[in-house]
Amino acid sequence: MKPISKLALIMLTSTVSNLVIAQNDKMTPIATPKQPNAIVIPTGKLPEATAEEAWHSQYGSMFARNVSVATLTPFLPSKSRATGAAVIVAPGGGFRTLSMENEGWNVAKALVKKGVAAFVLKYRLNPTPADMAGFETSMRQMFSAAGRRPAPGSEDPSVALAPQIADATAAFEMIRSRAQEWNVDPTKVGMVGFSAGAMLTLSTALYGRDVNPAFIGTIYGPLNAVKVPRNAPPLFIALAADDPIFGNAGYGLIDSWKAAKRPVEFHLYEQGGHGFGMYPKETTSTGWFEAFASWLRMHGYIRA
């Protein structure tokens, strides 16, 4: 897989930077919401963690940061509606914050309505300052520095994202080990991710040990060319042409999947920017979820 630049990771911290929700763009600290169904993933505490987990609101949605212990939250359809398929949902946020509501819980709730079990992955993040003012300052400094100099060096994602890949791999293991309890077919577990979560989804499929996802979806993630294994899962991609981060970076990922003769579906929306997720917008990018659901239906994971 082509290495991910550090600049890209920095830019991804603003997963909703160009949404037209300016009246709610201020980051406001909030109490950590109750998460009674969250299950701790046994990958341990991030060794370099420097602050307690904290939450804030922005764009009318909830975000987490300084996540040092990973969790998995199940959203399950009724037994009568369950199709047996399951999706691990990986929110984005540049590996410094997580869009838990827009790109996590709301996606999971929509999948449940289709009869698909969904599991929101709150994976471990790179540490940031404990206080909101310090966090905002650090973000401004990184953006400012990135704009003044060429892109920094690159890192191998299998190394750079090792803690997050471990979290995702453990999530697959947990779901399959409890498949009967959750009415899930262990052969029908896939993953979908947004922005940085899309990076994690792809990296988990490529580098996760014995993961073998049934399918994967990357929503406004990078499209760099990769080395595709023979058993690569079917891939769904959605991206807006006006995405300021990945909209003009070519289509190497699609070409790679096609060259390997593996199934791939690509939706390029004229408008939508970066970070649209489940936000209602006056652009056709809002239709990505129904397109994803139709694709799952075509592959037999949702009933007609």
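Residues numbered from 1 in each chain as written. Predicted model: local features only at pLDDT ≥ 70, side-chain atom pairs only at ≥ 80, totals over all residues. Heavy atoms only, no water.

Colleague: Looking at this structure, I do not really get the overall build of the protein. What am I missing?
Modeller: A count of helical and extended segments in the protein gives 8 helices and 14 strands. Within the protein, counting contacts between residues at least 6 apart in sequence, those at least 24 apart form 79% of the total. Per element, the accessible surface of the protein, about 12900 Å² overall, is 53% carbon and sulfur. (Helix = DSSP H or I, 4+ residues; strand = E, 2+ residues; numbered from the N terminus. Contact = heavy atoms within 4.5 Å. Areas by Shrake-Rupley, 256 points an atom, 1.4 Å probe, with all protein chains shown as cover.)

Colleague: How should the packing of helix 5 (residues 162-177) against helix 6 (residues 196-207) be read in this particular structure?
Modeller: The description of two helices packed together rests on the angle between their axes and the distance between the axes. Across the interface, helix 5 lies against helix 6 with an axial gap of 9 Å and an inter-helix angle of 70°. Here helix 5 lies roughly perpendicular to helix 6, going by the angle between them. On the side of helix 5, the interface is formed by Gln-164, Ile-165, Ala-168, Thr-169 and Phe-172, while helix 6 contributes Leu-200, Ser-203, Thr-204 and Tyr-207. Residues that form the contact of helix 5 with helix 6 fall into these classes: 5 nonpolar, 4 polar and no charged. (Axes fitted to C-alpha atoms, helices over the stretch in contact; angles between N-to-C directions. Parallel < 35°, antiparallel > 145°, perpendicular 65-115°, else oblique. Nonpolar A, V, L, I, M, F, W, Y, C, P; charged D, E, K, R; others polar.)

Colleague: Would you mind showing me how to read unusual backbone geometry here?
Modeller: Trans peptide bonds make up the majority, and among non-glycine residues the majority have a negative phi. A positive phi is found at Asn-66, a non-glycine position, where the angle reads about 55°. Within the fold, Asn-66 resides in the loop between strand 5 (61-65) and strand 6 (71-75).

Colleague: I tried to follow helix 5 on my own but got confused; where do I start?
Modeller: In a regular helix each residue adds 1.5 Å, so 16 residues correspond to 22 Å; helix 5 covers 22 Å between its end C-alpha atoms and thus fits that length. Every buried residue belonging to helix 5 is among Gln-164, Ile-165, Asp-167, Ala-168, Thr-169, Ala-170, Ala-171, Phe-172, Met-174 and Ile-175, and all of these are buried. (Expected span 1.5 Å × (residues − 1). Buried < 20%, exposed > 50% of the residue type's maximum accessible area, 1.4 Å probe, protein only.)

Colleague: Is there a simple way to explain the side chain of Thr-169 in this structure?
Modeller: Within the secondary structure, Thr-169 is located in helix 5. Contacts of Thr-169, omitting those with residues within four sequence positions, involve Thr-204, Gly-208, Arg-209 and Val-211.

Colleague: Just to check I follow, could you spell out the pattern of salt bridges for this structure?
Modeller: Opposite charge on two side chains lets them pair, provided their charged atoms get close. One pass over the full model with this rule turns up 4 salt bridges. With its nearest N and O atoms 3.1 Å apart, the salt bridge here joins Lys-114 to Glu-290. Note that Lys-114 is positioned in the loop between helix 2 (101-113) and strand 9 (117-122) and Glu-290 in helix 8 (residues 288-298), a separation of 176 residues in sequence. In this structure, Asp-167 and Arg-124 form a salt bridge, with 3.0 Å as the shortest nitrogen-oxygen distance. Taken together, the residues Asp-167 in helix 5 and Arg-124 in the loop between strand 9 and helix 3 (132-148) connect sequence positions 43 residues apart. Taking relative accessible area as the criterion, Asp-167 reaches 0% and is therefore assigned buried. By relative accessible area, which is 5% here, Arg-124 ends up buried. (Salt bridge = Lys/Arg side-chain N within 4 Å of Asp/Glu carboxyl O.)

Colleague: For this particular structure, what's the right way to read the confidence of the model for the protein?
Modeller: Reading fine detail from the predicted coordinates is not recommended where pLDDT is low. In this model, the protein carries an average pLDDT of 90, and 88% of its residues clear a pLDDT of 70 or more. This stretch, residues 10-23, has a pLDDT under 50; its non-local contacts, to residues over four places away or in other chains, come to 45 contacts. Counted against residues more than four places away or in other chains, residues 146-153, with its pLDDT under 50, gives 6 contacts. (pLDDT = per-residue confidence, 0-100.)

Colleague: Quick question: what am I supposed to make of the packing of aromatic side chains here?
Modeller: Aromatic ring pairs are described here by two measures, namely the spacing of the ring centres and the angle between the planes. Enumeration according to the criterion identifies 14 aromatic pairs in this entry. With centroids separated by 4.7 Å and ring planes inclined at 45°, the aromatic side chains of Phe-215 and Tyr-301 adopt a geometry described as tilted. With Phe-215 in the loop between helix 6 and strand 12 (216-219) and Tyr-301 in the segment after helix 8, this pair connects stretches of sequence that are 86 residues apart. A residue is classified by how much of its surface remains accessible, and Phe-215, at 1% relative accessible area, is buried. The class for Tyr-301 is buried, based on a relative accessible area of 14%. Centroid distance Phe-236 to Trp-295: 5.6 Å. Interplanar angle 50°. Geometry classified as tilted. Residue Phe-236 is found in strand 13 (residues 235-240), and its partner Trp-295 is found in helix 8; the two are separated by 59 residues along the sequence. Comparing Phe-236 with Trp-295, the two get one shared label, buried. Just above the ring of Phe-135 sits the side chain of Arg-65; from NZ or CZ to the centre is 4.6 Å. (Phe/Tyr/Trp six-rings, centres within 6.5 Å; stacked < 30°, edge-to-face > 60°. Lys NZ or Arg CZ within 6 Å of the ring centre and 35° of its normal.)

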